[in-house]
Amino acid sequence: MPGGGVGLVATADTGRIESPVTLKAYLMCAFAAFGGIFFGYDSGYINGVLGMNYFVHLYTGLDPNDPRFAKDGSDPKGFALPSWQKSLIVSILSAGTFFGALMAGDIADFTGRRTTIILGCIVFIVGVILQTASSSYGLLVAGRLVAGFGIGFVSAIIILYMSEIAPKKVRGAIVSGYQFCITIGLLLASCVDYGTQNYTNSGSYRIPVAIQMLWAIILATGLFFLPESPRYFVKRGKIVRAAEVLGRLRGQPHDSELIQTELAEIIANHEYELQVIPQGSYFSSWANCFKGSLFHQKSNLRRTILGTSLQMMQQWTGINFIFYFGTTFFQQLGTINNPFLIGLITTLVNVCSTPISFYTIERFGRRSLLIWGAFGMLVCEFIVAIAGTVDGSNPTTVKAEIAFICIYIFFFASTWGPGAWVVIGEIFPLPIRSRGVALSTASNWLWNCIIAVITPYMVDSDQGNLGPKVFFVWGSLCVGCFIYAYMLIPETKGLSLEQVDRMLEETNARNSSKWVPHSTFASEMGLTDKGTLAPEIVEDVERKGSVV
């Protein structure tokens, strides 16, 4: 019997395509968001380390007890790392994550989403060990490159995994939890940096580096006890396994009518997509991500460009300028007594603002958050740029700049921070979803790397020396983000992944919030007289999955 004896009850009722969910199932979905902690921590710890006396000593040859070093951890009177070293140390992680994310899509399709994330944790730990052991520039850079590969695996597939297992009504909130965990990681990094900044031995940077291993160990251990994505098993043609893990995720018996109905819709949607764009060789499966017309809303090319450009836009907001180079930027302003403390405050604002999105992303939707978030950020950034240019040497003006930087962080953390990750997990059809999310994540890290490379040359006093004027750049880019969100971002709240697929076929971004589901894939693909999914559909999915 097709499906190994699993009965698949199909329905035409768009309100019955997802099973009710228990609290235990919610918690299982939410745990995966923990992956954001070590992503955020690794991104954040380097911000403070670059300004530490001992770390600067290590690469400049100065004695950390030299009176030219300030006791409060501020700029050692011009004796800082040269721009090219700061640029390489920060950007090499993003280079590793770019390639790691590209590789992750293939690995996730062959070994599973959960297995890929665990593998990413192992690679990351190896990179952290290299960084912790480093006492030379070369080994530190190599360690960050290796760790970047691990983060690339995790950052790409954790979004895919959460989007595929989360219930549609809270999918946005659960994926937003990933961004919240990123902010927690940034905060933890700031706290550790603040605590070790004045150490006069290698512990000042080795302690912040080594702590990262703990987050990877917790995530990998927890994932051993979580189920694989049921949509992965459908893609591989393993219908019985898909029913079992879907039942576990929804807290229902795997042979219940509720599970059979939800699984039937997933299978029917997958079969529909395979008919639209048949699968072929390895290279043709990658080529499928770029098929169709750029001007057709439903085409794979359009969705791939939407995902990659959205992640590019998230980096264009300039947020990582604050979290990568905030401490050294505040040092350069010259009127702040403790830049490490200011860095801690900005990170705390980030943490406290992100949970707002848990409610707003489901109440007001993805599209509205991205539009108004971009508008709020561009206003704050232009205010900072203008104030710093006109009266940047005035301590009162600098305080006002910091206040608006915090408001800017609030807008990012409650809108674009989580929103961009939520949308890329929802817009791709199952046959290309792993690669689509991987490409989108790789785009994030590519632009992350580019910004990390060029920023020191833009703001350092011995280079471009833009100082606060750099916010004219970020503000202008946020104007682009505002226009982009209005014109191109669809509304996906309250829809299953299969319904998002249908919505993108039938309407455009500006009208997407008005679209309502009107049919199911299961009813269109074929029902038997008994209301079950046609056996030939299940057989076809099993056959095609066995040769993926």
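Small disclaimer: the values here were computed from a predicted structure and weren't measured.

**Q** Would you take a moment to explain the overall build of the protein chain for this structure?
**A** In terms of regular secondary structure, the protein chain is built from 24 helices and 0 strands. With 548 residues in all, the protein chain has 62% of them scored as buried.

**Q** Is there a simple way to think about the packing of aromatic side chains in this case?
**A** For any pair of aromatic rings, geometry is given as the distance between the ring centres together with the angle between the planes. For the structure on display, the rule yields 14 aromatic pairs. Between the aromatic rings of Y232 and F233, the centroid separation amounts to 5.4 Å while the plane-to-plane angle is 55°, which identifies the pairing as tilted. As far as the burial class goes, Y232 and F233 line up, both buried. Centre to centre, the rings of F410 and F411 are 5.5 Å apart; their planes meet at 65°, and the pair counts as edge-to-face. Of the residues examined, F410 reaches a relative accessible area of 30% and is grouped as partly exposed. Three or more aromatic residues joined by ring pairs make a cluster, and in this case those are Y41, Y45 and W215. Above the face of the Y486 ring, R367 is positioned so that its terminal group lies 5.4 Å from the ring centre.

**Q** Help me understand the environment of L93, please; the structure alone is not making it clear to me.
**A** The residue L93 is located in helix α4 (residues 83-111) in this model. Every residue in contact with L93, bar those within four places of it in the chain, is listed here: D42, R144, A147, G148 and I151.

**Q** Explain the packing of helix α17 (residues 356-363) against helix α19 (residues 395-424) here, please?
**A** Helix packing for two helices is described by the angle between their axes and how far apart those axes are. One can describe the packing of α17 onto α19 by two numbers: an axis separation of 10 Å at closest approach and a directional angle of 60°. Between α17 and α19, the crossing angle belongs to the class labelled oblique. Between α17 and α19 lies a crossing of right-handed hand. Residues I356, S357, T360 and I361 of α17 touch α19, and the partners they reach there are F410, S414, P418, G419 and V422.

**Q** How do you make sense of empty space enclosed by the protein when you look at a structure like this?
**A** Empty space left among the atoms is revealed by rolling a probe the size of a water molecule over them. The tally for this structure, following the rule as stated, stands at 7 cavities of 30 Å³ or more. Forming the walls of the largest cavity are 17 residues, and the residues nearest its centre are F39, Q179, I182, Q315 and N320. Of the residues forming the lining of the largest cavity, the biggest block, 4 residues, is contributed by helix α15 (residues 319-333). Of the residues in the lining of the largest cavity, the class split is 9 nonpolar, 8 polar and no charged.

**Q** Can you help me understand the pattern of salt bridges in this one?
**A** As a working rule, side chains carrying opposite charge can pair if their charged atoms are close by. Here the structure, examined in full by the defined rule, presents 12 salt bridges. With its nearest N and O atoms 2.8 Å apart, the salt bridge here joins E426 to R171. One end of the pair, E426, is in the loop between α19 and α20 (430-459); the other, R171, is in helix α7 (residues 171-196), with 255 residues separating them in the sequence. R171 carries the same exposure label as E426, and that label is buried. Where R366 meets E426, a salt bridge forms, and the shortest distance between an N and an O atom there is 2.6 Å. Of this pair, R366 sits in helix α18 (residues 366-391) while E426 sits in the loop between α19 and α20, and the two are 60 residues apart along the sequence. Accessibility expressed as a relative area gives 1% for E426, which makes it buried. Overlapping salt bridges, with partners in common, bring together D106, D109, R113, E164, R433 and R435 in one network.

**Q** I tried to follow the side chain of R144 on my own but got confused; where do I start?
**A** Relative to the helices and strands, R144 resides in helix α6 (residues 137-165). Of the residues examined, R144 reaches a relative accessible area of 1% and is grouped as buried. Dropping the residues within four chain positions of it, R144 is found in contact with D42, Y45, I46, I89, V90, I92, L93 and Q131.

**Q** Hey, could you run me through the nonpolar core in this one?
**A** Within soluble globular proteins, side chains that are nonpolar generally end up buried alongside one another. The biggest cluster of nonpolar side chains holds 122 residues, and the ones touching the most others in it are I159, M162, Y178, L310, F321, W416 and F471. Sort the elements by how many residues they give to this core and α6 lands first, with 15 residues. When residues no more than four places from it in sequence are discounted, the contact partners of L310 are L370, W416, A420, V423, I424, Y484 and I489. Formed by 13 residues, the second largest nonpolar core is a distinct cluster that contains V234, V245, I259 and L430.

**Q** For this particular structure, what's the right way to read a nonpolar patch on the surface?
**A** A surface patch of nonpolar side chains, about 480 Å² in accessible area, is lined by W84, L446, I450, V453, I454 and Y457. In terms of residues, the nonpolar patch owes the most to one element, α20, which gives 5 residues. Its location among the elements puts V453 in helix α20. Exposure remark for V453: the relative accessible area of 30% places this residue in the partly exposed category.

**Q** Which parts of the structure should I look at to understand the confidence of the model for the protein chain?
**A** A low pLDDT score tells you not to read the predicted coordinates there in detail. In the predicted model, the protein chain carries a mean pLDDT of 80, and the fraction of residues at 70 or more is 80%. Below pLDDT 50 for its whole length, residues 69-78 participates in 32 contacts with residues either more than four positions away or in separate chains.

**Q** Can you walk me through the environment of S256 in this structure?
**A** Among the secondary structure elements, S256 is positioned in the loop between α11 (239-250) and α12 (257-276). Residue classification places S256 among the buried positions, given a relative accessible area of 15%. Separated by 13 residues in sequence, S256 and A243 place their C-alpha atoms 9.6 Å apart.

**Q** Please clarify how the packing of helix α14 (residues 300-316) against α20 should be interpreted in this entry.
**A** Packing of α14 against α20 brings their axes to within 8 Å, and their N-to-C directions diverge by 30°. On the basis of their axis angle, the class for α14 and α20 is roughly parallel. The handedness of the crossing between α14 and α20 comes out as right-handed. On α20, the residues that touch N300, T304, G307, T308, Q311, M312, Q314, Q315 and W316 of α14 are I432, L439, S440, S443, N444, W447, N448 and I451. Residue composition of the contact of α14 with α20, grouped by class: 6 nonpolar, 11 polar and no charged.

What counts, and where the lines are drawn
Residues numbered from 1 in each chain as written. Predicted model: local features only at pLDDT ≥ 70, side-chain atom pairs only at ≥ 80, totals over all residues. Heavy atoms only, no water. Helix = DSSP H or I, 4+ residues; strand = E, 2+ residues; numbered from the N terminus. Buried < 20%, exposed > 50% of the residue type's maximum accessible area, 1.4 Å probe, protein only. Phe/Tyr/Trp six-rings, centres within 6.5 Å; stacked < 30°, edge-to-face > 60°. Lys NZ or Arg CZ within 6 Å of the ring centre and 35° of its normal. Contact = heavy atoms within 4.5 Å. Axes fitted to C-alpha atoms, helices over the stretch in contact; angles between N-to-C directions. Parallel < 35°, antiparallel > 145°, perpendicular 65-115°, else oblique. Left-handed = near helix turned anticlockwise from the far one by under 90°. 1 Å grid on protein atoms, 1.4 Å probe; cavity = no way out; pocket = protein on both sides within 12 Å on 5 of 7 lines; lining within 4 Å. Points joined across faces, edges and corners; volume = space filled by probe spheres on them. Nonpolar A, V, L, I, M, F, W, Y, C, P; charged D, E, K, R; others polar. Salt bridge = Lys/Arg side-chain N within 4 Å of Asp/Glu carboxyl O. Core = buried A, V, L, I, M, F, W, Y, C linked by side-chain atoms within 4.5 Å. Patch = residues over 30% accessible without salt bridge, like charges linked within 9 Å, V, L, I, M, F, W, Y side chains within 5 Å. Areas by Shrake-Rupley, 256 points an atom, 1.4 Å probe, with all protein chains shown as cover. pLDDT = per-residue confidence, 0-100.

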